[in-house]
Structure formats: structure tokens, C-alpha cells
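Descriptive analysis of the structure
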Amino acid sequence: MNPRHLAWLVLLAGSAAAHAANPEEGAEIYRRHCSACHGNDGRPVLPGAPDFTRPTALMRSDLSLLATIRAGRGGMPAFAGQLRDRDILDVVAHLRTLR
Ligand code: HEC
């Protein structure tokens, strides 16, 4: 492998590690911004919100969920500008622990 490619790989691996989603941080953000509608344990409080404890609720990629949470949907407000993408990815990691 040529050294320039190797340097890129090291850089990419480093930034991926720096941004690894953190479900504990996500739990905190979830309590603050999401639980009023989605419930502390992921069972919806607001009718029409999905039940995150169901195994089929989150069968989408993290990036697809990120896009939805950023943009909002139906009764859910947009979180772009309120939460950084990495915060949203932390929350998504937390959502995946609720099943
Ligand atoms: C004001 C109430 C409310 C808040 C606050 C809220 N949501 Fe939602 N959320 C909803 C509702 C209602 C839906 C269902 C939207 C629909 O499908 O029409 C939903 C849907 C979703 C979905 C499923 C989207 C899909 O396309 O299947 C995800 C994931 C989600 N919310 C995550 C979050 C996260 C993470 C937060 C906090 C950062 C949050 N929500 C905050 C009400 C809310």
C-alpha cells in the first residue's frame, strides 16, 4: 500500500473512533429532548409515536434515522440546529438499547 493511502486510513480510523456514538450521553439527551413524547423507556406517551421497544421499530440505518430526526416528521419537531449530528447519533445508539 502506498504511504499516502496508509496515512488516510489512519486518519479515517482516528476520526471514526473520536465520533463513536456514546449511548450513555445519548440517554441524557433522550431524557431532555425526546422522552416527553417517546417515554423514558421508549414506550410512546404521545399517540402516534413509534414504540422503540418493538424489535421492528428501528430497522433502518443510523444515518437514515439521523436524517429523520434532523428533519422532523409528522408530530415530531426538527432537531437540526438544536442538536449536533453527533448528539443525534448518540441518541440513536441509546434508542437501540431500548428494545
Ligand atoms: C413533540 C413530540 C416528539 C418529540 C419531542 C420527539 N419525537 Fe420522535 N416522533 C414523534 C412522533 C409523533 C413520531 C411519529 C411521526 C410519524 O411517523 O408521523 C416520531 C417518530 C420518531 C422516530 C421514527 C421515525 C420514522 O421515520 O420511523 C424516531 C426515530 C424518533 N421519533 C426519534 C426521536 C428522537 C431521538 C427525539 C429526541 C431527540 C424525538 N424523536 C423527539 C414525536 C416526538
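Procedures and definitions
- Residues numbered from 1 in each chain as written.
- Predicted model: local features only at pLDDT ≥ 70, side-chain atom pairs only at ≥ 80, totals over all residues.
- Heavy atoms only, no water.
- Donors = N, O, S within 2.8 Å, 3.2 Å for Na, K, Ca; no water.
- Buried < 20%, exposed > 50% of the residue type's maximum accessible area, 1.4 Å probe, protein only.
- Near = heavy atom within 4 Å.
- Polar contact = N/O pair within 3.5 Å; in protein donor to acceptor, adjacent residues only side chain to side chain.
- 1 Å grid on protein atoms, 1.4 Å probe; cavity = no way out; pocket = protein on both sides within 12 Å on 5 of 7 lines; lining within 4 Å.
- Sits in = over half its atoms within 2 Å of the grid points.
- Helix = DSSP H or I, 4+ residues; strand = E, 2+ residues; numbered from the N terminus.
- Nonpolar A, V, L, I, M, F, W, Y, C, P; charged D, E, K, R; others polar.
- Axes fitted to C-alpha atoms, helices over the stretch in contact; angles between N-to-C directions.
- Parallel < 35°, antiparallel > 145°, perpendicular 65-115°, else oblique.
- Contact = heavy atoms within 4.5 Å.
- Core = buried A, V, L, I, M, F, W, Y, C linked by side-chain atoms within 4.5 Å.
- pLDDT = per-residue confidence, 0-100.
- Left-handed = near helix turned anticlockwise from the far one by under 90°.

**Some points on the coordination of the iron atom of the ligand**
- Only H38 (NE2) and M76 (SD) from the protein coordinate the iron atom of the ligand, and they sit 2.0 to 2.1 Å from it.
- We classify M76 as partly exposed; its relative accessible area is 24%.

**Re the site of the ligand**
- Near the ligand, the surroundings consist of 21 residues, among which C34, C37, H38, R73 and M76 are the closest.
- Residue R60 places a side-chain N or O atom 2.6 Å away from an oxygen atom belonging to the ligand.
- In the environment of the ligand, an oxygen atom lies 2.2 Å from a nitrogen or oxygen atom belonging to the side chain of R73.
- The cavity where the ligand resides is the largest pocket.
- Of all elements in the fold, only helix 3 (35–38) and helix 4 (62–71) reach the threshold of two or more residues within the shell around the ligand.
- Of the residues assigned to the shell around the ligand, the class counts are 13 nonpolar, six polar and two charged.

**Side note on the packing of helix 2 (residues 23–33) against helix 5 (residues 85–95)**
- The interhelical angle for the contact between helix 2 and helix 5, taken along N-to-C directions, is 95 degrees, at an axis separation of 7 Å. Classified by the angle their axes make, helix 2 and helix 5 are roughly perpendicular. Counted together, P23, E25, G26, A27, I29 and Y30 of helix 2 and D87, D90, V91, A93, H94 and L95 of helix 5 form the full contact between these two elements.
- Here the contact of helix 2 with helix 5 is built from residues that sort into seven nonpolar, two polar and three charged.

**Points about the nonpolar core**
- Y30, F52, I88, V91 and L95 are the most contacted members of the largest nonpolar core, which has 15 residues in total.
- Per element, the largest residue contribution to this core is four residues, and it comes from helix 5.
- Those residues in contact with I88, other than ones at most four positions away along the chain, are L66, I69, R70, F79 and L83.

**Points about the confidence of the model for the protein chain**
- Across the protein chain, the average pLDDT comes to 90, with 87% of residues at 70 or higher.
- The element-level mean pLDDT for the protein chain is lowest in helix 1 (residues 3–18), coming to 64, with helix 3 highest at 98.

**Details of the packing of helix 4 against helix 5**
- With their axes 10 Å apart at the nearest point, helix 4 and helix 5 run at an angle of 115 degrees to one another. In this structure, helix 4 meets helix 5 at a crossing whose hand is right-handed. The segment helix 4 lies against helix 5, with D62, L65, L66, I69 and R70 engaging D85, I88, L89 and V92.
- Partitioning the contact of helix 4 with helix 5 into residue classes produces six nonpolar, no polar and three charged.

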